[in-house]
Amino acid sequence: MIDTFNERLKKVSLKKNSKLCIGLDIDPDRMPNHMDKSLQGIESHLKEIIDSTTEICLAYKLNMAFYEQFGFKGYELMEKIVSYIDSRNITIADGKRGDIGNTTKKYAISIFDTIGFDSITVSPYMGADSIVPFISNRAKGAFVLCLTSNESGKDVQKFKNDNNTIMYEYISKLCDKLNTNDNIGLVVGATNPENMQQIRQLNSLPWLIPGIGAQGGDLKQSVTISNEKKSIGLINVSRAILFAGDCSIHDIVKAAENYNYQINGYLK
Ligand code: OMP
């Protein structure tokens, strides 16, 4: 039988000895002037990054906004990059989708079948309807926003109901209940180390952890707590790898290796 998404996550992590997720959030404004900033130039650069880091990282996350900003040409680039990665690493579409079930089904077709991503980030604000169509195929996964890295996330996610249940706890429990196909994970931002233990105690769902590097999140706590209960935490780093040093492949690989080394060091 085909592996569930969460089983594949663990297998690829073991094979690569990595829990690093590289965020391919392209941004010509951050690239030095000597680089070719055309979409063709960016495509070659991304492919070189992928070839040079595929064995260092477990996953690549493409935040769709950074591609959609270029319209259909950016969309085409995103599709090319996903098929270039192919099955070498886990791919994550960071689209933070969330809609009624009928519409979510179309999102699932677009993200998984048409573009070919392995997984997606999902906003749970519209409830189970926004999640279920993304998890009907056990080989594809959904990372549901639980406690995000941005400061204003708390406006909603730390809201308490009359029983003193905090929203992010509720989301975590809901996801655990829906996880009958073993293909749900949570997004838990690295900037919330003080809440991580509480969330990890609720269940052993995998975590996608953004907020390391440019946002100043806590790498040690993120790694050690997320990997408790035989679970797995993917550490996402976008800007601090993609725009490391002078953006040369050498500097990018060095940054990725350094993060992977630090992560594995905290796991010993
Ligand atoms: P860097 O701060 O450059 O590493 O980028 C972080 C990436 O993770 C961006 O693509 C964000 O949109 C995304 N992200 C967060 O920063 N915080 C979150 O809580 C959730 C995400 C996400 O879902 O990936």
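Calculation rules
- Residues numbered from 1 in each chain as written.
- Predicted model: local features only at pLDDT ≥ 70, side-chain atom pairs only at ≥ 80, totals over all residues.
- Heavy atoms only, no water.
- Near = heavy atom within 4 Å.
- Polar contact = N/O pair within 3.5 Å; in protein donor to acceptor, adjacent residues only side chain to side chain.
- Areas by Shrake-Rupley, 256 points an atom, 1.4 Å probe, with all protein chains shown as cover.
- 1 Å grid on protein atoms, 1.4 Å probe; cavity = no way out; pocket = protein on both sides within 12 Å on 5 of 7 lines; lining within 4 Å.
- Sits in = over half its atoms within 2 Å of the grid points.
- Helix = DSSP H or I, 4+ residues; strand = E, 2+ residues; numbered from the N terminus.
- Nonpolar A, V, L, I, M, F, W, Y, C, P; charged D, E, K, R; others polar.
- Points joined across faces, edges and corners; volume = space filled by probe spheres on them.
- Axes fitted to C-alpha atoms, helices over the stretch in contact; angles between N-to-C directions.
- Parallel < 35°, antiparallel > 145°, perpendicular 65-115°, else oblique.
- Left-handed = near helix turned anticlockwise from the far one by under 90°.
- Contact = heavy atoms within 4.5 Å.
- Pairing = 2+ DSSP bridges.
- Core = buried A, V, L, I, M, F, W, Y, C linked by side-chain atoms within 4.5 Å.
- Buried < 20%, exposed > 50% of the residue type's maximum accessible area, 1.4 Å probe, protein only.

### Notes on the site of the ligand
Link 1 in the chain: The immediate surroundings of the ligand are formed by 17 residues, with Asp-25, Lys-61, Ser-149, Gln-215 and Arg-239 found nearest.
Link 2 in the chain: Asn-63 is positioned with one of its side-chain polar atoms (N or O) 2.9 Å from an oxygen atom of the ligand.
Link 3 in the chain: Here a nitrogen atom of the ligand sits 2.6 Å away from a polar atom, N or O, in the side chain of Ser-149.
Link 4 in the chain: Surface burial for the ligand is 90%, taken as the share of its 500 Å² of free accessible area covered by protein chains.
Link 5 in the chain: Among the cavities detected, the one that contains the ligand is the largest pocket.
Link 6 in the chain: Broken down by secondary-structure element, the contributors of at least two residues to the shell around the ligand are strand S2 (59-63), strand S3 (90-97) and strand S8 (233-237).
Link 7 in the chain: Among the residues making up the shell around the ligand, the classes are represented as 5 nonpolar, 7 polar and 5 charged.

### Some words on the layout of surface pockets
Link 1 in the chain: In this structure, the largest pocket spans a volume of roughly 490 Å³.
Link 2 in the chain: Of all the elements in the fold, those that place two or more residues in the lining of the largest pocket are S2, S3, helix H6 (154-157) and S8.
Link 3 in the chain: Considered class by class, the residues forming the lining of the largest pocket number 9 nonpolar, 12 polar and 8 charged.
Link 4 in the chain: Counting only elements with at least two residues in the lining of the second largest pocket, the list comes to strand S5 (141-147), H6 and helix H7 (167-178).
Link 5 in the chain: Sorting elements by how many residues they give to the lining of the second largest pocket places H7 first, with 4 residues.
Link 6 in the chain: Here the residues of the lining of the second largest pocket sort into 9 nonpolar, 3 polar and no charged.

### Thoughts on empty space enclosed by the protein
Link 1 in the chain: Following the criterion strictly, the structure yields 1 cavity of 30 Å³ or more and no others.
Link 2 in the chain: Computed from the structure, the largest cavity encloses a volume of approximately 60 Å³.
Link 3 in the chain: Together, Ile-26, Asp-27, Met-31, Met-35, Ile-42, His-45, Leu-46, Leu-242, Phe-243 and Cys-247 line the largest cavity.
Link 4 in the chain: Per-element accounting of the lining of the largest cavity gives the leading share, 3 residues, to helix H2 (residues 39-53).

### A short note on the packing of H7 against helix H8 (residues 193-202)
Link 1 in the chain: It is at 10 Å that the axes of H7 and H8 come closest, and there the two elements cross at 25°. Comparing the axis directions of H7 and H8 gives the class roughly parallel. Considering only the axes of H7 and H8, their crossing is right-handed. Counting all contacts with H7, which are made through Tyr-168, Glu-169, Ser-172, Lys-173 and Asp-176, the residues of H8 involved are Asn-195, Gln-198, Ile-199 and Leu-202.
Link 2 in the chain: Classifying every residue of the contact of H7 with H8 by side-chain character gives 3 nonpolar, 3 polar and 3 charged.

### Quick notes on the sheet that holds strand S1 (residues 20-23)
Link 1 in the chain: One closed barrel holds the 8 strands; their spatial order is S1-S2-S3-S4-S5-S6-S7-S8, and the pairing between them is parallel. Across the sheet, the mean angle from the axis of one strand to that of its neighbour is 30°, orientation sign disregarded.
Link 2 in the chain: Here strand S7 (residues 207-209) runs beside S8; their pairing, made up of 3 bridges, is parallel. Across the sheet, Leu-208 pairs through a bridge with Leu-234, a residue of S8.
Link 3 in the chain: Helix-sheet contacts for H7 involve S5 and strand S6 (184-188), and the interaxial angle to S5 is about 160°.

### With respect to the nonpolar core
Across soluble globular proteins, nonpolar side chains have a tendency to be buried as a group.
Link 1 in the chain: Leu-20, Leu-24, Leu-62 and Ile-241 are the most contacted members of the largest nonpolar core, which has 69 residues in total.
Link 2 in the chain: The biggest single contributor to this core is helix H11 (residues 249-266), with 7 residues.
Link 3 in the chain: Within the second largest apolar cluster, 14 residues are counted, among which are Val-12, Ile-90, Ile-92 and Leu-234.

### Regarding the environment of Tyr-266
Link 1 in the chain: Structurally, Tyr-266 is set in helix H11.
Link 2 in the chain: Classification of Tyr-266 as partly exposed rests on a relative accessible area of 30%.
Link 3 in the chain: Counting along the chain gives 115 residues from Tyr-266 to Glu-151, while the straight-line C-alpha distance between them is 26 Å.
Link 4 in the chain: With residues near it in sequence (within four places) discarded, Tyr-266 still touches Leu-219, Lys-220, Val-223 and Thr-224.

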